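These are the residues of each chain, in order.
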Amino acid sequence: MNPDQSHARPDRNLALELVRVTEAAALAAARMVGRGDKEGADQAAVDAMRHVLDSVSMDGVVVIGEGEKDRAPMLFNGEQIGDGSPPLVDIAVDPLEGTNLVAHGQAGAIAVLAASEAGGLTHAPDTYMEKICVGPLAAGHVDIQATPTENLRSIADALGRRVSDITVVILERPRHDALITEVRDAGARIKLIGDGDLSAAIACAVSGTGVHVVMGIGGAPEGVITAAALRCLGGEIQARFRYRSDDERERGARMGHGDEARVYRTEDLAPGENLVFAATGVTAGDLLEGVRFFGGGARTHSLVMAYQTKQVRFVDTVHMFDRDSPPRVRL
């Protein structure tokens, strides 16, 4: 390895190269939609993502993946990926966010990854995290230490709306019963989702999706990937670790996250200056279309962005599996 690699940054073209990775994962997972096999769908996405990552021009390491090596044969934390050429890159992956959504044929599943220069993504334990996520107009106007009612009023003021015009996305879990009650009492609308708070957080930062804020407790690794996306989009996440056991608490402390009162902001979770983010829809959602198969191929819809270039691209791709048959799709 060249010693100068440690100072190299991800090439701007890496963003478009990485969208091939999420497309491959989405195509593989989409073949499992509605089959009731969430483990099979996840494995298909992992296999496809890992295979394509090997062809990407980078010297990468997985900092957030499928878990520890003894539990995840592929895309485990610490795994080396890419073809070994510069630059050095940290990768956070979620090959299939929304395994239950795919298994049951429901909306909002995506394949996603984030990348940065080495050290640009926080290493987070596989635990829970309390989060509040907003888009660019409401960034700087929320405080996770305030009440949901206070935050809703601040968001409404920032957007020039009434609280009754604000839509809040919350994971439908018993742990959120009190939150749901308070949000409704405040007068805001709620969109309950079964899975996929990462996808919802990205949607709240994109104008026209009808989603304004995500609140509640979800996965900590997903929170880091969300932070990378929101930095690219100009949005904001605030979060606090919420451990489920003493073992998780000890693991978090070893990684430097022992203070559960500490508020992590967007730049704390994704401090990199060369962040790249890519996501491809598996099933249709607020932000991305799902994979659409046709005779001889398929069509995918992806989002790809890079922090340095300040560009957000939506990529509509037609994949021709059988070159002898013309694609039966409207371009």
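**With respect to empty space enclosed by the protein**
Alright, step 1. This model, assessed by the stated rule, comprises 2 cavities of 30 Å³ or more.
Alright, step 2. Looking at the second largest cavity, its volume works out to about 40 Å³.
Alright, step 3. K131, I170, L171, H176, D197, V214, M215, G216 and I217 are the residues that line the second largest cavity.
Alright, step 4. Breaking the lining of the second largest cavity down by element, the ones donating at least two residues are β6 (167–171) and β8 (213–219).
Alright, step 5. Sorting elements by how many residues they give to the lining of the second largest cavity places β8 first, with 4 residues.
Alright, step 6. Its residues assigned to classes, the lining of the second largest cavity shows 5 nonpolar, 2 polar and 2 charged.

**Points about the sheet that holds strand β5 (residues 128–134)**
Alright, step 1. A sheet is described by the order of its strands in space; here 6 strands give the open sequence β7-β6-β8-β5-β9-β10, paired in mixed fashion. Looking at which strands have only one partner, the edges of the open sheet turn out to be β7 (189–193) and β10 (264–265).
Alright, step 2. When β5 meets strand β9 (residues 236–242), the two strands line up antiparallel, connected through 7 bridges. Bridge pairing links C133 to I237 in β9.
Alright, step 3. Its contacts with the sheet place helix α4 (residues 148–159) against β5, β6 and β8, and it is angled at close to 140° to β8.
Alright, step 4. Relative to β8, helix α6 (residues 197–204) is tilted by about 155°, and along the sheet it contacts β5, β6, β7 and β8.

**Here's the deal with the pairing of strand β14 (residues 311–320)**
Alright, step 1. With 10 bridges joining them, strand β13 (residues 297–306) and β14 adopt antiparallel strand pairing. Residue pairing for β14: H301 is matched across the bridge by D316.
Alright, step 2. Between the antiparallel neighbours β13 and β14 lie 4 residues, among them K310 with a positive phi of about 55°.

**Regarding the environment of S116**
Alright, step 1. For S116, the location among the structural elements is in strand β4 (residues 110–117).
Alright, step 2. Among the residues examined, S116 registers a relative accessible area of 0% and is labelled buried.
Alright, step 3. Sequence spacing of S116 and L275 is 159 residues, and the spatial spacing of their C-alpha atoms is 4.5 Å.
Alright, step 4. Reaching out from S116, the side chain makes a polar contact with the backbone nitrogen of G120 at a distance of 3.4 Å.

**Section: the layout of surface pockets**
Alright, step 1. Estimated volume of the largest pocket: approximately 1,100 Å³.
Alright, step 2. Around the largest pocket, the lining comprises 41 residues; the ones closest to its centre are D94, L96, T99, D126 and E222.
Alright, step 3. When residues of the lining of the largest pocket are traced back to their parent elements, those giving at least two are α2 (38–53), β1 (59–64), β3 (88–97), α3 (99–103), β8 and α7 (220–233).
Alright, step 4. The element best represented in the lining of the largest pocket is α2, accounting for 5 residues.

**Re the packing of aromatic side chains**
Alright, step 1. On inspection of all chains with the given rule, the structure shows 2 aromatic pairs.
Alright, step 2. Ring geometry for F241 against Y243: centres 5.8 Å apart, planes inclined by 5°, an arrangement best described as stacked. Each member of the pair, F241 together with Y243, is buried.
Alright, step 3. Judged by centre distance (5.1 Å) and plane angle (90°), the rings of F241 and Y264 are edge-to-face. Here F241, found in strand β9, pairs with Y264, found in strand β10; they are 23 residues apart in sequence, far enough to count as distant. Side by side, F241 and Y264 carry an identical accessibility label, which is buried.
Alright, step 4. Against the face of Y307 rests R231, its NZ or CZ located 4.2 Å from the ring centre.
Alright, step 5. Lying across the ring of Y128, R244 places its NZ or CZ 4.3 Å from the centre.

**Remarks on the nonpolar core**
Alright, step 1. Judged by nonpolar contacts, the single largest core of 46 residues is most densely connected at L121, I202, L269 and F277.
Alright, step 2. Among the elements that line this core, the one with the most residues is α7, at 9 residues.
Alright, step 3. Not counting chain neighbours up to four residues away, the residues in contact with I202 comprise A229, L233, F277, L287 and L303.

**Considering helix α1 (residues 14–30)**
Alright, step 1. End to end, α1 covers 24 Å across 17 residues, agreeing with the expected 24 Å (1.5 Å per residue, within 8%).
Alright, step 2. Counting buried residues in α1 gives 13 out of 17 residues, a clear majority hidden from the surface.

The rules we used
- Residues numbered from 1 in each chain as written.
- Predicted model: local features only at pLDDT ≥ 70, side-chain atom pairs only at ≥ 80, totals over all residues.
- Heavy atoms only, no water.
- 1 Å grid on protein atoms, 1.4 Å probe; cavity = no way out; pocket = protein on both sides within 12 Å on 5 of 7 lines; lining within 4 Å.
- Points joined across faces, edges and corners; volume = space filled by probe spheres on them.
- Helix = DSSP H or I, 4+ residues; strand = E, 2+ residues; numbered from the N terminus.
- Nonpolar A, V, L, I, M, F, W, Y, C, P; charged D, E, K, R; others polar.
- Pairing = 2+ DSSP bridges.
- Contact = heavy atoms within 4.5 Å.
- Axes fitted to C-alpha atoms, helices over the stretch in contact; angles between N-to-C directions.
- Buried < 20%, exposed > 50% of the residue type's maximum accessible area, 1.4 Å probe, protein only.
- Polar contact = N/O pair within 3.5 Å; in protein donor to acceptor, adjacent residues only side chain to side chain.
- Phe/Tyr/Trp six-rings, centres within 6.5 Å; stacked < 30°, edge-to-face > 60°.
- Lys NZ or Arg CZ within 6 Å of the ring centre and 35° of its normal.
- Core = buried A, V, L, I, M, F, W, Y, C linked by side-chain atoms within 4.5 Å.
- Expected span 1.5 Å × (residues − 1).

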